[in-house]
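Tertiary structure, described
Read off the chains here:
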Amino acid sequence: MRIDVVFAPQSVAPADVAGRTVVVVDVLRATTCIAVALANGAKAVLPAASSDEALRIAQNLERDAVVLAGERKSLRIPGFAMGNSPGEFTAEAVAGKTLVMTTSNGTQALIAAQGAREVLAGAAVNFGAVAARARAALADHGQVLVLCGGGDGEFALEDAFAAGRIAKALLPEGGLKAVEVNDAAVASLELARRYGERWARALKASSHGRELAALGLQADLEACATQDSHPVLPVYADRRITAYRAPGEG
Ligand code: MLT
């Protein structure tokens, strides 16, 4: 059994994700917004690498059914209907819609994970659902990779903490002795030990959290720190993220 953590999408190659279940985390704020949007009835979220690519994808979809969302430098992209604040992704705004989304790091991490056996989008808001699925995957094929959105190729505290929370939830009974892990997983587990369940503390301590607070986006921090508020399982396959529904769920 093997659990690895990678701190930024720039550090993974296609060979690193092949054959594995990959959990992408960008707690502030892309994977949080994706979970909130799907929980509120969005049909799908289509990650795009750039705003030009998002526009191209949107042009091929029915105009009334598509919403452009995303940020650069934490602010809504000019001309896009929505930014990257969880509070924007209400049922009124997204139910039945296909969202085309591009963000600085989170959507880049999702795109980097394409080609994995399975790609999940995880955050605090859907922590339990994602941890349960990843645990089942680890038992099934013995390989889980947690890929952090990070910050422009660098380590981001909030994502490493989230990765540690997920890794901790996956540890078998024998703990670290019963599983192979890389050093990033060990460091992430240390962060999980330090902050425990206090997501808000970890998020506020991070440089991105402080940047969002300075922009007056404290409400985003609170929403992103609320564990299991949106218990949905976002699965990324064939370039679309959709909410997993068990057979028979409709
Ligand atoms: C990202 O993808 O880097 C984030 O979602 C940035 C943000 O907080 O908007």
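In the block above lies the structure referred to throughout.
Below: a short report on this structure. By convention here, each chain's residues receive numbers from 1 onward along its written sequence. Two thresholds apply to this predicted model, a pLDDT of at least 70 for residue-level local features and 80 or more for giving and counting side-chain atom pairs, whereas whole-chain, interface and lining totals are computed over all residues. Excluding hydrogens and water, the side-chain values take into account all heavy atoms of the structure.

Looking at the site of the ligand
Around the ligand lies a shell formed by Asp26, Leu28, Arg29, Ala30, Glu71, Ser74, Asn84, Thr103, Ser104, Asn105, Gly106 and His208. We define a polar contact as two N or O atoms separated by no more than 3.5 Å, with the added condition that, inside protein, one atom must be a possible hydrogen donor and the other a possible acceptor, whereas residues neighbouring each other in sequence contribute only through side-chain atom pairs. Taking Ala30, its main chain carries an N or O atom lying 3.1 Å from an oxygen atom of the ligand. At 2.6 Å, a side-chain N or O of Thr103 approaches an oxygen atom of the ligand. Isolated, the ligand exposes 270 Å² of accessible area, and the fraction of that covered by the protein chains is 98%. Asp, Glu, Lys and Arg are counted as charged, while Ala, Val, Leu, Ile, Met, Phe, Trp, Tyr, Cys and Pro are counted as nonpolar; the rest, among them Gly, fall into the polar class. Its residues assigned to classes, the shell around the ligand comprises two nonpolar, seven polar and three charged. Throughout this document, a residue counts as near a molecule or strand when at least one of its heavy atoms sits within 4 Å of that molecule or strand. Each accessible area is a Shrake-Rupley estimate made with a 1.4 Å probe; only the visible protein chains count as cover when residues are assessed.

Overview of the state of the cysteines
Note on terminology: pairs of cysteine sulfur atoms within 2.5 Å are recorded as disulfides. The full count for this structure, using the stated rule, is zero disulfides. Considering cysteine sulfurs only, Cys224 is the nearest to Cys33, which forms no disulfide, with 6.2 Å between them. Only protein chains enter the accessibility calculation, which uses a 1.4 Å probe. A residue is then buried if its area is under 20% of the maximum for its type, exposed if over 50%, and partly exposed in between. Judged by relative accessible area, which is 0%, Cys33 ranks as buried. With relative accessibility at 0%, the residue Cys224 sits in the buried group.

What to know about the pattern of salt bridges
Here a salt bridge means any side-chain nitrogen of Lys or Arg lying within 4 Å of a carboxyl oxygen belonging to Asp or Glu. For the coordinates displayed, the defined rule picks out seven salt bridges. Salt-bridge contacts for Glu180 lead to Arg2; the nearest nitrogen and oxygen are separated by 3.1 Å. Taken as a pair, Glu180 in strand β9 (residues 180-181) and Arg2 in strand β1 (residues 2-6) lie far apart in primary sequence, 178 residues in all. The class for Arg2 is partly exposed, based on a relative accessible area of 22%. Note that Arg20 and Asp4 form a salt bridge whose closest N and O atoms lie 2.6 Å from each other. With a gap of 16 residues between them, Arg20 in the loop between α1 (14-17) and β2 (21-25) and Asp4 in strand β1 connect regions that are remote in the sequence. No difference in accessibility class separates Arg20 from Asp4, as the two residues are buried. A network of salt bridges, in which partner residues are shared, links Arg2, Asp4, Arg20 and Glu180. Note on conventions: DSSP H or I runs of at least 4 residues are helices, E runs of at least 2 residues are strands, and numbering of each starts at the N terminus.

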